[in-house]
Amino acid sequence: ADSPKGLLQNITRPLGRMPELPDWTYGTILGIQGGAERVKQLVKDAQSYNNPVSAIWIQDWVGRRRTFVGDQLRWYWQADEQRYPNFKQFCKDMNARGISVLGYINPMLTNDGPLYQEAEEKGYLVQNHSQETYVIQMTGFKVGLIDLTNPAACVWIKNVIKNNMIAYGLEGWMADFGEALPWDAVLHSGVSAELYHNQYPVNWARINREAIQEAKKEGKIAFFSRSAFQGSSKYVTLYWAGDQMTSWQKNDGLRSIVPALTSSGISGMAINHADVGGFAGFWKIGGLFQMRRTKKLLQRHIELGAFTPVYRTHKGIIPQRNAQVYSDKTLSAFYAKFSQIRKKLVPYLKAQNLEATEKGYPMIRHLYLHYPQDIHCQKASYQFLLGKDILV
């Protein structure tokens, strides 16, 4: 090709281009938890500041657990009716207020309860060389990993998504993980787990997309993925840039986001975003060893996130130690201000999404894509173009 944009068109044509997104993805996506009543109150509070909330992301729709690393979820893919009584009605009520409800899923199951037992009995979980379920130790709990080389297992987990998530009213979710296949595992197909490792996230994305298509919800539901490989973009509806630290760090904090988004865009991942506020942090006894989200850090995340394809907050893994977008009046007003700016950008964002779909151009663009001969643009690490007309 005779330009970087031409190269992107050529490489995304065979590898796959991403779809147009549902309307809720362009607005304010409020990441909150705590059960039905807590969530309703936080939405009401945000709206009192004239914040145009378009969606809520409630990871704890499945319940949560406390582990030594912080606040984590129960990896068991059905609604926690104690935290969200009559979850289907909860989603319906939110939808009636113009707010989409988003959830969370990954291709693993905690080793308790009927879903895990059913998957294990039917041979749907990855095995070890003793022909037993390969139990993977996570942070404070154990899980089994769904064997995506088994066609029956793929159908089974798709039905879980359709029956336990889409049928209940979820209009999106984080399709987390995909990178956790152990290289020494034994797979149903007989293929080497080491060789299949990179293909796993592609098939995990395919299953999520097919569930949406089979439910006849294409264009209305979107999921966001962390792991990917060559060919993922023909299935993934949008990406997010993994779990940044709640810090200013260059390698994995706030400063890592712009290089992550621009480089992934050049690689063909046209629609990408990051957790507003970051995710990972820690707090030891006495606060002597800590990494938590400060108010100033959150404000900078809010400013950056408003000019990215998807504007979604995250409470973080130690929410009680982190500044939140609802922590005080100043933060609530600051968040609402940039949410209003974001709202004005919606027509422009939709136009950039269409270019991503039709040509493979990233919504977040390194300056090099438009100014390849300019040495200053080649070296710009912390500037980017949103589309071609807005310099951030």
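Sequence order as written defines the numbering, with residues in each chain counted from 1. Thresholds applied to this predicted model are a pLDDT of at least 70 for local features of residues and 80 or more for the giving and counting of side-chain atom pairs; totals over whole chains, interfaces and linings are not thresholded and use all residues. Heavy atoms from the whole structure form the basis of all side-chain values; hydrogens and water molecules are not counted.

### With respect to the sheet that holds strand β15 (residues 311–312)
The eight strands are arranged β12-β11-β10-β9-β5-β2-β1-β15 in an open sheet whose pairing can be described as parallel. In this open sheet, the two edge strands, each paired with only one partner strand, are β12 (272–273) and β15. At least two DSSP bridges between two strands are needed for those strands to be called paired. Helix and strand assignments follow DSSP, with helices taken as H or I runs no shorter than four residues and strands as E runs no shorter than two, numbered in order from the N terminus. Two elements, strand β9 (residues 172–175) and strand β10 (residues 222–225), share four bridges in a ladder whose sense is parallel. Bridge pairing in β10 links Met174 to Phe224. Every residue pair with non-hydrogen atoms within 4.5 Å of one another is taken to be in contact. Axes here mean lines fitted to C-alpha atoms, for a helix over just the part in contact, with angles spanning 0 to 180 degrees between N-to-C directions. Running at roughly 145° to strand β5 (residues 100–105), helix α5 (residues 151–166) makes contact with β5 and β9 of the sheet.

### Side note on the sheet that holds strand β8 (residues 142–145)
The strands making up a sheet associate through hydrogen bonds between their backbones, and the pairing can be parallel or antiparallel. Strand order in this open sheet of three strands is β6-β8-β7, and the pairing throughout is antiparallel. Here the strands that pair on one side only, and so sit at the sheet edges, are β6 (108–110) and β7 (136–137). Here β6 pairs with β8 via three bridges, running antiparallel. The residue bridging Met108 from the neighbouring strand is Leu145, located in β8.

### Observations concerning the packing of helix α9 (residues 295–305) against helix α10 (residues 329–344)
When two helices pack together, their arrangement is given by the angle between their axes and by how far apart the axes lie. Where α9 meets α10, the closest approach of the two axes is 9 Å, and the angle between their N-to-C directions is 10°. If you check the angle between α9 and α10, you find them roughly parallel. Facing Lys295, Leu298, Gln299, Arg300, Ile302, Glu303 and Gly305 of α9, the residues of α10 in contact are Thr330, Leu331, Phe334, Tyr335, Phe338 and Arg342. Across the contact of α9 with α10, the residue classes tally to six nonpolar, three polar and four charged. Oblique is the label for any angle not covered by the other classes, which are roughly parallel (under 35 degrees), roughly antiparallel (over 145) and roughly perpendicular (65 to 115). Charged means Asp, Glu, Lys or Arg here, nonpolar means Ala, Val, Leu, Ile, Met, Phe, Trp, Tyr, Cys or Pro, and polar covers whatever is left, Gly included.

### Quick word on the pattern of salt bridges
Working definition: two side chains of opposite charge can pair if their charged atoms are close together. Only one rule defines a salt bridge in this text: a Lys or Arg side-chain nitrogen within 4 Å of an Asp or Glu carboxyl oxygen. For the coordinates displayed, the defined rule picks out 18 salt bridges. A salt bridge links Asp60 to Arg83; the shortest N-O distance between them is 2.9 Å. In this pair, Asp60 sits in the loop between β2 (53–57) and β3 (64–67) while Arg83 sits in the loop between β4 (70–73) and α3 (87–96), placing the two residues 23 residues apart along the sequence. Residue Asp60 is classed as buried on the basis of its relative accessible area of 0%. Buried means the residue's accessible area, taken with a 1.4 Å probe over protein chains only, is under 20% of the maximum for its type, while exposed means over 50%, and partly exposed covers the values in between.

### Points about the packing of aromatic side chains
Note on ring pairs: Phe, Tyr and Trp rings are taken, using the six-membered ring of Trp, and paired if centres are within 6.5 Å. Classes follow the plane angle, with under 30 degrees stacked, over 60 edge-to-face and the rest tilted. Under the definition given, this model contains 14 aromatic pairs. An aromatic cluster is built from Trp61, Tyr84, Phe87, Phe90 and Tyr168, whose rings are joined through pairwise contacts. Definition used: whenever NZ (Lys) or CZ (Arg) falls within 6 Å of the ring centre and also within 35 degrees of the ring normal, the charge is taken to sit over that ring. When the ring centre of Tyr168 is taken as reference, the NZ or CZ atom of Lys88 above it lies at 5.3 Å. Positioned above the aromatic ring of Trp57 is the side chain of Arg312, whose terminal nitrogen or guanidinium carbon lies 4.6 Å from the ring centre.

### Some words on unusual backbone geometry
Here the phi dihedral of Phe177 falls at roughly 60°; this positive angle occurs in a residue that is not glycine. Tracing the backbone shows Phe177 in the loop between β9 and α6 (193–196). For Lys216, which is not glycine, the phi dihedral falls at a positive 60°. Counting through the fold element by element, Lys216 comes out in the loop between α7 (200–214) and β10.

These results come straight from atomic positions and should not be treated as a statement about function.
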